[in-house]
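The primary structure of each chain is shown beneath.
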Number of protein chains: 2
Amino acid sequence: MTVDFSPSRPCRVSDIPQWDMEADIVVVGFGAAGASAAIEARLAGARTLVFEVAAGGGGSAALSGGEIYLGGNGGTPVQRAAGFEDTTEDFRRYLMLAGGPAADAARVDLYAEQAVAHYHWLVAQGVPFKGTYLPGKWLEPTTDDTLVYSGSEAAWPFAQQARPCPRGHAAQLAGWGAGKKLMQCLMDRALSLGADVHYSARALTLVVDDHRQVLGLVVRIDGAPRFVRALGGVILCSGGFISNEAMVRQYAPAALACSVHTSAGNDDGSGIRMGLAVGAATIQMEQFFSTMPNMPPDSLVKGIFVNEAGQRFINEDAYHGRVTHFILRQSNSRAWLLLDNSTFARPLTNQDVEVHAVGESWEEVEGELELPAGSLTHTVQAYNDCAAQGQDPWFHKAPEWLQPLTEAPFAALSYSPADFPAAAFTLGGLSTAPTGQVLNGDGDIVPGLYAAGRAACGLPRWGDSYSSGLSLGDSTFFGRQAALHAAGTIAS
Amino acid sequence: MTVDFSPSRPCRVSDIPQWDMEADIVVVGFGAAGASAAIEARLAGARTLVFEVAAGGGGSAALSGGEIYLGGNGGTPVQRAAGFEDTTEDFRRYLMLAGGPAADAARVDLYAEQAVAHYHWLVAQGVPFKGTYLPGKWLEPTTDDTLVYSGSEAAWPFAQQARPCPRGHAAQLAGWGAGKKLMQCLMDRALSLGADVHYSARALTLVVDDHRQVLGLVVRIDGAPRFVRALGGVILCSGGFISNEAMVRQYAPAALACSVHTSAGNDDGSGIRMGLAVGAATIQMEQFFSTMPNMPPDSLVKGIFVNEAGQRFINEDAYHGRVTHFILRQSNSRAWLLLDNSTFARPLTNQDVEVHAVGESWEEVEGELELPAGSLTHTVQAYNDCAAQGQDPWFHKAPEWLQPLTEAPFAALSYSPADFPAAAFTLGGLSTAPTGQVLNGDGDIVPGLYAAGRAACGLPRWGDSYSSGLSLGDSTFFGRQAALHAAGTIAS
């Protein structure tokens, strides 16, 4: 038999010596998607094995802000308690915009209809939501409040196409990092329901029959390969590929500009490669989330970004990840955030931000930045004139963020990935049906194989219009769908 | 046995009734890559079968301008005869820029070193190059001249990083459409060398063994499946996927904005799907060539493009496909080409272009376009001031194209895909080694399978920096490499 296993070489069942373990459902990865899949599998009565490569569970979700993007059906209890109504149609429209040109309407429809039910499911698993709304612009709540605007809902052009509503639901926790709390709840629940979770267990490759039906998995435990039979299917919840530089270089090279990986370190793309090896298609592999946050504090949003031509290029009140993608596309990926004395602050996540220029006049700042004469000064003057009237005819920043930048001294913060460490994770992955079933290039099902979370291409699939909470919402919900479908195949 | 064949379901050799045909090398598609592969295979003494789905050969290449991007090694005889010297290093640098962030250095190095030899090979196959240079900016030579600038060589930022040189080598033909001439030469040569070419023959799926080695192909001829054994390999030269709307929607959704397909109609992605089905990886699937040409005539290049904010956004002397990609990324994909009386013309390829606004002053044009007050007028004024001094500090248009736009009347041509039919073809495809061997997600070889032309992701893989001739250069050269490698495997 083969002893050199690789995700890209599936193992034929006729080549394995024996099955060492067996379950109805085998889950790879114990992050947000994997834990949700394991819970749902156990609730369906399926014998469930989970293999996690790290020494503990939680995955990249445990390092996150723990926001889950939820809404529709009039609103979640949290939204309604805070006085917000959220129609399914507005929610659906926003999700379609968030998906960009490749938005998957079937996936969006299912999620838009069931997100409130998903909220109740999360609560039932023990995830605490305090139910209070925190106004303002936040990366994640720093208080123990639950609900925040976490995307571009209130910003052009989103607000014009879908009625704005806050939809970022963070698990209740004072301070940052509610993802750890979220994952603790989900993992505890999966374990208490009897999921058999193995840590430090690396999934090596899939086991297939001669018809390329996926029958199981080869896992390395304690240094030895173990052959694991999956009667109802293997669910790949192994994360994206931001930790794998070779894959980033090959598939999402623009993300190489981002030096910070939003990952617990095991987003190595191995699940994606396992899927490819059995004929699956990958989609949106170039896409990634990226951010150099331009808030908090809020006052930074009142500043304006300019590029090397001294031009503005976006409404600065759009989601920080959208702003960042627009920056990355400017000439030489260079941009500066212009602030006056009344708006000046340093971004909370980068107190060491480079103040590239300071001046008593905008002419001085323009000169220090070595921008074309008259370029920045014209932009600021034109902006100030219109901002004073509460208008932004160029980029449609909402009136609440419009304030003339007229109080000296003036400053320009460098927002270029060369100066400002940009964070990123990947959005492309295996093509799947809303059931989590992995699809081949013709859109047909690869039998026995499921994927959820960032191993799959899910709701978030367009870097330009990501919103915080989309990945966790997608991972937890579609992890569940995969387990439900897989459990259904062994129900009889 | 299975009677329902699909590219996404490889056929197991144990499931086929018999081999109906056999060759050393089996080529799918008789376009630029396929014909070049067939020639090289026959020159190597390999028995060669070619299956072309259309009733005749030529593929999409036959509809093209027939330009081949060549240079390096001091220059091709054509370049040298016209007085141009072209170092391998300059050529290599330009090709790396053309590849964008995902540029493949190994592929670029091989091509940069061997492009002059490839020129001689083309000549030896009967492709005529008159050897004369046509100055100015052209989509392709309209005279029977051979050599043109066909990319962004002389434009910022390319010219600053690689010494400019014209590298578009068109087959000699008076008028447009030298691609037909090129393909006639290559096809005649392949046939005269004894390639066995079957037309109206649709490749249905690959035949594999239990280890997923590719052994052959199922082809539908006269309505019946025929099982074709390939001793040395199958070479997929089946084109890209611009003709397959479902694939474009899934993999390159931004290309949906382009209503004209640069294709002979059979770029249906079937070869890409066949590769995926045997575990191959696809790369750069979002990328596509696109154009709404802003020349000829040359005078249009002296105009400036503005977006909905009345801003310029590119040096207008960049390659027209680059200009188009920048337009597609502007807000609502809207842009206008501003011209004055001395530069006014209609683009040769779109005489029906919509003249969206005409005015005796730029204020009038700004008003007609309903742009923010003062936006367009400021842009034009600032441009005119600097253009009068031969400078473009914002976007670095080369001095020869700088001319103040001061002679009334003034006009704005709509360059938005909603008004101006944009042409496109896809650049993403199967991941391959420079040998043409198809690679899986780990970069390992899929045995027995090769791909070239737009079924593969080749030299051109970044829409922003495509140049005319890159696809034909890549297709003809790497089609040859695939055949050489495949022939080598059966040499013993």
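Residues numbered from 1 in each chain as written. Chains lettered and ligands numbered in written order. Predicted model: local features only at pLDDT ≥ 70, side-chain atom pairs only at ≥ 80, totals over all residues. Heavy atoms only, no water.

### Topic: the sheet that holds strand β15 (residues 288-291) of chain B
All names here are of chain B. We apply this condition: For two strands to pair, DSSP has to find at least two bridges joining them. Helix and strand definitions here come from DSSP, where helices need a minimum of 4 consecutive H or I residues and strands a minimum of 2 consecutive E residues; each element is numbered from the N-terminal end.
Taken in spatial order, the three strands line up as β13-β20-β15 in an open sheet, and their pairing is mixed. Both outer strands of the open sheet, β13 (260-261) and β15, are each paired with one neighbouring strand and no more. Pairing geometry for β15 and strand β20 (residues 423-426), over four bridges, is antiparallel. Note on β20: the bridge partner recorded for phenylalanine 288 is threonine 426.

### Quick notes on the domain arrangement of chain A
When the parts of a complex come together, some accessible area is lost, and that lost area is often used as the size of the interface. Residues and elements named next belong to chain A. Condition: Start and end positions for the domains come from either an automated domain assignment or a database one. The term buried area refers to how much accessible surface (probe radius 1.4 Å) is lost by two components on association, counted for both of them together. A side-chain nitrogen of Lys or Arg and a carboxyl oxygen of Asp or Glu constitute a salt bridge if their distance falls within 4 Å. Two N or O atoms count as a polar contact when they lie within 3.5 Å, although within protein this holds only if one can serve as hydrogen donor and the other as acceptor, and sequence-adjacent residues are included solely when both atoms are side-chain atoms. As a working rule, the residues Ala, Val, Leu, Ile, Met, Phe, Trp, Tyr, Cys and Pro are called nonpolar, Asp, Glu, Lys and Arg charged, and the rest polar, with Gly in that last group.
Annotation of chain A at the domain level lists domain 1 (1-291 + 422-492) and domain 2 (293-414). Distance from the C-alpha centre of domain 1 to the C-alpha centre of domain 2: 36 Å. Around 2000 Å² of area is buried between domain 1 and domain 2 when both sides are counted, 62% of it from carbon and sulfur atoms. When residues of domain 1 are sorted by the area they lose upon contact with domain 2, Lys137, Trp156 and Asp464 head the list and together hold 36% of the total. Scanning the region where domain 1 abuts domain 2 turns up one salt bridge. For the salt bridge of arginine 329 with aspartate 464, the shortest nitrogen-to-oxygen distance reads 3.0 Å. In this structure, the connection of domain 1 to domain 2 is made through nine residue pairs in polar contact (both at pLDDT 80 or more). No other element matches strand β15 (residues 288-291), which puts four residues into the side of domain 1 that touches domain 2. Classifying every residue of the side of domain 1 that touches domain 2 gives eleven nonpolar, ten polar and two charged.

### What about the side chain of asparagine 294 of chain A?
All names here are of chain A. Definition in use: Partly exposed residues are those whose accessible area sits between 20% and 50% of the maximum for their type, while under 20% is buried and over 50% is exposed, using a 1.4 Å probe and protein chains only. Between two residues, a contact is recorded if the distance between any of their heavy atoms is within 4.5 Å.
You can see asparagine 294 is positioned in the loop between β15 and β16 (304-306). Residue class for asparagine 294 comes out buried when judged on its relative accessible area of 1%. A polar contact is formed between the side chain of asparagine 294 and the backbone oxygen of glutamate 316, at a distance of 3.2 Å. Aside from chain neighbours lying at most four places away, what touches asparagine 294 is Leu300, Val301, Phe305, Glu316, His320, Val323 and Tyr415.

### Considerations on the packing of helix α1 (residues 32-43) of chain B against helix α12 (residues 470-489) of chain B
All names here are of chain B. Threshold: Here an angle of 0 to 180 degrees is reported between the N-to-C directions of two axes, which are lines fitted to C-alpha atoms, with helices fitted over the stretch in contact. Two helices cross in a left-handed way if the nearer one is turned anticlockwise from the farther one by less than a right angle. They cross in a right-handed way if the turn is clockwise.
It is the contact of α1 with α12, at a shortest axis distance of 7 Å, that shows an interaxial angle of 35°. The way α1 lies across α12 gives a crossing that is right-handed. Taking contact as the criterion, the partners of Ala32, Ala33, Ser36, Ala37, Glu40 and Ala41 in α1 are, on α12, Leu472, Ser475, Thr476, Gly479, Arg480, Ala483 and Leu484. Split by residue class, the contact of α1 with α12 holds seven nonpolar, four polar and two charged.

### Considering the interface of chain A and chain B
Each side of the interface is counted separately: chain A has 47 residues, and chain B has 47 residues. At the boundary of chain A with chain B, total buried surface from both sides reaches about 3700 Å², with 47% on carbon and sulfur atoms. Three residues, Gln250, Glu286 and Asp442 of chain A, lead the burial of chain A against chain B; their summed loss comes to 14% of the area buried on that side. Inspection of the region where chain A meets chain B yields six salt bridges. Here arginine 9 of chain A ties to aspartate 444 of chain B by a salt bridge, and the two come within 3.8 Å at their closest N and O atoms. Between the two partners, chain A and chain B, sit 16 residue pairs in polar contact (both at pLDDT 80 or more). Listed by contribution, the elements that provide at least two residues to the side of chain A that touches chain B are α7 (245-251), α8 (270-277), β14 (282-283) and α11 (375-387) of chain A. Taken together, the residues that form the side of chain A that touches chain B break down as 21 nonpolar, 15 polar and eleven charged.

### Here's the deal with the relation of the copies chain A and chain B
Formally: The atoms used to superpose the copies are C-alpha atoms, taken from residues with pLDDT of at least 70 in both, and the fit is least squares.
Mapping chain A onto chain B calls for a rotation angle of 180° and an axial translation of 0.0 Å; the resulting RMSD is 0.0 Å. Overall, the copies show the geometry of a two-fold rotation axis. No C-alpha of chain A lies nearer the rotation axis than that of glycine 279 of chain A, which sits 2.4 Å from it. Looking at the interface residues of chain A, 100% of them are also at the interface in chain B, so both copies use one shared face.

### Concerning the sheet that holds strand β5 (residues 67-69) of chain A
Sheet strands associate in pairs through backbone hydrogen bonding, adopting either a parallel or an antiparallel arrangement. Residues and elements named next belong to chain A. Spatially, three strands are ordered β5-β7-β6 in an open sheet, and the strand pairing comes out antiparallel. In this open sheet, the two strands that pair with only one neighbour each are β5 and β6 (147-148). Where β6 lies against strand β7 (residues 168-170), two bridges are found, and the strand directions are antiparallel. Bridging across to β7, leucine 147 finds its partner in histidine 169.

### Some details on unusual backbone geometry
For residues other than glycine, phi is negative in most cases, and the peptide bonds are mostly trans. Across the junction of tryptophan 156 of chain A and proline 157 of chain A, the peptide omega takes the value -5°, indicating a cis bond. Locating proline 157 of chain A in the fold gives a position in the loop between β6 and α5 (158-161). Here the residue pair alanine 408 of chain B and proline 409 of chain B is connected by a cis peptide bond, since its omega of -5° sits within 30 degrees of zero. Its location among the elements puts proline 409 of chain B in the loop between α11 (375-387) and β19 (410-414). Notably, serine 333 of chain A is not glycine yet its phi reads approximately 50°, a positive angle.

### What to know about the pairing of strand β17 (residues 336-339) of chain A
Moving residue by residue along a regular strand, the side chains alternate between the two faces of the sheet. All names here are of chain A. Neither face of β17 is left uncovered, since the one carrying Trp336 and Leu338 and the one carrying Leu337 and Leu339 both have all their residues buried. The pairing of β16 with β17 spans three bridges and is antiparallel. Looking at the pairing, isoleucine 304 lines up with leucine 338 of β17. Two elements, β17 and strand β19 (residues 410-414), share four bridges in a ladder whose sense is antiparallel. By the bridge assignment for β19, leucine 338 is matched with alanine 412.

### Focus: the packing of aromatic side chains
All names here are of chain A. Note the cut-off: What counts as a ring pair is set by centres within 6.5 Å for rings of Phe, Tyr and Trp (its six-membered ring), and what kind of pair is set by the plane angle: stacked under 30 degrees, edge-to-face over 60, tilted for all other angles. In our convention, an over-ring charge means Lys NZ or Arg CZ found within 6 Å of a ring centre and within 35 degrees of that ring's normal.
Overall, the coordinates contain 44 aromatic pairs over all chains when judged by the stated rule. Measuring from centroid to centroid gives 4.9 Å for phenylalanine 477 and phenylalanine 478, while their planes differ by 85°, and the two rings are edge-to-face. For phenylalanine 478, a relative accessible area of 2% corresponds to the buried category. The structure contains a cluster of three or more aromatic residues connected by ring pairs, namely Tyr69, Phe91, Tyr94, Tyr111, Phe158, Phe477 and Phe478. Taking NZ or CZ as reference, arginine 107 lies 4.9 Å from the ring centre of phenylalanine 478, over its face. Here arginine 329 stacks its cationic end above the ring of phenylalanine 326, 4.9 Å away from the centre of that ring.

### A word on helix α6 (residues 178-192) of chain B
All names here are of chain B. In plain terms, the rule: Here a helix's expected span is defined as the number of its residues, less one, multiplied by 1.5 Å.
For α6, spanning 15 residues, the distance from its first C-alpha to its last is 21 Å, which sits close to the expected 21 Å at 1.5 Å a residue. Contacts made by the buried residues of α6 are with α1, β5 (67-69), α4 (105-124) and α12. The positive-phi residue at the C-terminal boundary of α6 is glycine 194, with phi of around 100°.

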